Amino acid sequence: MKPLVAGNWKMHLDRAGARLLAAELMRSLPAPLDAAEVAVFPAFTALAEVAAALAGGDITLGAQNFHPENSGAFTGEVSLPMLLDVGVTRVLAGHSERRHVFGEDDAFVNRKVLAALKHDLLPILCVGEKLDEREAGKTAAVVERQLRAGLKGVPADRAGDLTVAYEPVWAIGTGLNATPQQAGEVHQQIRKLLLDLWKEGARGVRILYGGSVKPENSRELLKTPEVNGLLVGGASLKADSFVRIVRAAG
Ligand code: PGA
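These numbers were taken from a predicted model, which means no experiment stands behind them.

*Asks:* Tell me about the side chain of Asn 228, and please be specific about residues and values.
*Replies:* Examined against the element boundaries, Asn 228 turns out to sit in the loop between helix 9 (215-223) and strand 8 (229-232). Within the structure, the side chain of Asn 228 is placed 2.8 Å from the side chain of Arg 191, a separation counted as a polar contact. Among residues more than four places away in sequence, those in contact with Asn 228 are Met 1, Lys 2, Pro 3, Leu 4, Arg 191, Val 205, Arg 206, Ile 207 and Leu 208.

*Asks:* Outline the pattern of salt bridges, listing residues and values.
*Replies:* In this structure the tally under the stated criterion is 19 salt bridges. The salt bridge partner of Arg 19 is Glu 49, with a shortest N-O separation of 2.6 Å. Note that Arg 19 is positioned in helix 1 (residues 15-28) and Glu 49 in helix 2 (residues 47-54), a separation of 30 residues in sequence. Taking relative accessible area as the criterion, Arg 19 reaches 40% and is therefore assigned partly exposed. Arg 158 is the partner of Asp 120 in a salt bridge, and the nearest nitrogen-oxygen pair spans 3.1 Å. Note that Asp 120 is positioned in the loop between helix 5 (106-118) and strand 5 (122-127) and Arg 158 in the loop between helix 7 (139-150) and strand 6 (163-166), a separation of 38 residues in sequence. If you follow the salt bridges from partner to partner, you end up with Arg 15, Arg 19 and Glu 49 in one network.

*Asks:* Lay out the packing of aromatic side chains in plain terms, naming residues and giving numbers.
*Replies:* Counted according to the given criterion, the structure contains 1 aromatic pair. The lysine or arginine in question, Arg 98, covers the ring of Phe 102, its NZ or CZ lying 4.1 Å from the ring centre. In this structure, Lys 112 is placed above the aromatic ring of Phe 66, and the distance from its NZ or CZ to the ring centre is 5.1 Å.

*Asks:* Explain the packing of helix 5 against helix 7 to me, using residue names and the numbers behind them.
*Replies:* Two numbers describe how helix 5 lies on helix 7: the axes approach to 8 Å, and their chain directions differ by 45°. Taken together, the axis directions place helix 5 and helix 7 in an arrangement best described as oblique. Residues Asp 106, Asn 110 and Val 113 of helix 5 form the contact with helix 7, whose participating residues are Arg 145, Gln 146, Ala 149 and Gly 150. Of the residues belonging to the contact of helix 5 with helix 7, the class tally is 2 nonpolar, 3 polar and 2 charged.

*Asks:* Residues and numbers for unusual backbone geometry, please.
*Replies:* Ala 31 connects to Pro 32 through a cis peptide bond whose omega is -5°. Tracing the backbone shows Pro 32 in the loop between helix 1 and strand 2 (37-41). Phi at Ser 212 takes a positive value of approximately 55°, unusual for a residue other than glycine. Following the sequence through the fold, Ser 212 ends up in the loop between strand 7 (206-210) and helix 9. Located in the positive-phi region is Glu 226, a residue other than glycine, with phi close to 70°. Here Glu 226 is to be found in the loop between helix 9 and strand 8. Accessibility expressed as a relative area gives 25% for Glu 226, which makes it partly exposed.

*Asks:* An account of the side chain of Ser 236 is requested, with residue identities and associated values reported.
*Replies:* Within the fold, Ser 236 resides in the loop between strand 8 and helix 10 (239-249). You can call Ser 236 buried: its relative accessible area is 0%. At a separation of 3.3 Å, a polar atom in the side chain of Ser 236 contacts the main-chain carbonyl oxygen of Val 232. Leaving out residues up to four positions away in the same chain, Ser 236 has contacts with Gly 7, Asn 8, Trp 9, Leu 21 and Phe 242.

*Asks:* If you had to explain helix 9 to someone new, which residues and values would you point to?
*Replies:* Those residues of helix 9 that fall on the buried side of the exposure criterion are Pro 215, Asn 217, Ser 218, Leu 221 and Leu 222. Down the axis of helix 9, the sector holding all buried residues measures 150°, keeping them to one side. For helix 9, the exposed residues set more than 90 degrees away from the buried face come down to Glu 216, Arg 219 and Lys 223. Structurally, helix 9 contributes buried residues whose contacts are with helix 8 (180-198), strand 7, strand 8 and helix 10.

Conventions used here
- Residues numbered from 1 in each chain as written.
- Predicted model: local features only at pLDDT ≥ 70, side-chain atom pairs only at ≥ 80, totals over all residues.
- Heavy atoms only, no water.
- Helix = DSSP H or I, 4+ residues; strand = E, 2+ residues; numbered from the N terminus.
- Polar contact = N/O pair within 3.5 Å; in protein donor to acceptor, adjacent residues only side chain to side chain.
- Contact = heavy atoms within 4.5 Å.
- Salt bridge = Lys/Arg side-chain N within 4 Å of Asp/Glu carboxyl O.
- Buried < 20%, exposed > 50% of the residue type's maximum accessible area, 1.4 Å probe, protein only.
- Phe/Tyr/Trp six-rings, centres within 6.5 Å; stacked < 30°, edge-to-face > 60°.
- Lys NZ or Arg CZ within 6 Å of the ring centre and 35° of its normal.
- Axes fitted to C-alpha atoms, helices over the stretch in contact; angles between N-to-C directions.
- Parallel < 35°, antiparallel > 145°, perpendicular 65-115°, else oblique.
- Nonpolar A, V, L, I, M, F, W, Y, C, P; charged D, E, K, R; others polar.
- Arc of directions from axis to C-beta.

Here's what the structure looks like:
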């Protein structure tokens, strides 16, 4: 399976900064991208600029957030038709910052996954335990709950459109990545759960690791069984470090 390396730019970069970073990535990662798939997730205000900068290349455009309804009185929200209109093809759902800072629960994350699939956008469902949950031995239970709830109602024939990202909350933005062994254990658990849900159709679902991924740890993480790519935050904001991570994947 071709690995996917995704850059989550979070609430960083103005339009000029985003355009510059996208242009640098286009120069360093020209089409065809054979060894890995690459996607970037800029802030809403930069989506149109980045779409233009990525035109004609193989790097795809994602959005960090959206509302599951198509339109309506949802002040401050952005819908999937709006994202399709600017050229977005992937979306994040269930990122830990959305869950724990903005209070999105499993049921809402599930609505987002189903809405994304309905619009033929490719969702990346993020799951992961907090530090107290890991210390209390609840990692497997938390990941199973988030995964089963997030995927409720997704038919097996849509499995190929889905990506899962395991992002232990204690590793996000902390500089403290999960060891390959810790990541490997959870990734294997996720693969088993997906196989249980979707049988053989689950084999093609990529499971990304995210949480303090850097050029220095990316190769080892990517060698870990069932790690099929990386979701990168901080290290995706500089072309040099992101490109080194992409090269580690291929
Ligand atoms: P980080 O963020 O690489 O800065 O830890 C990862 C993420 O939140 O997706």
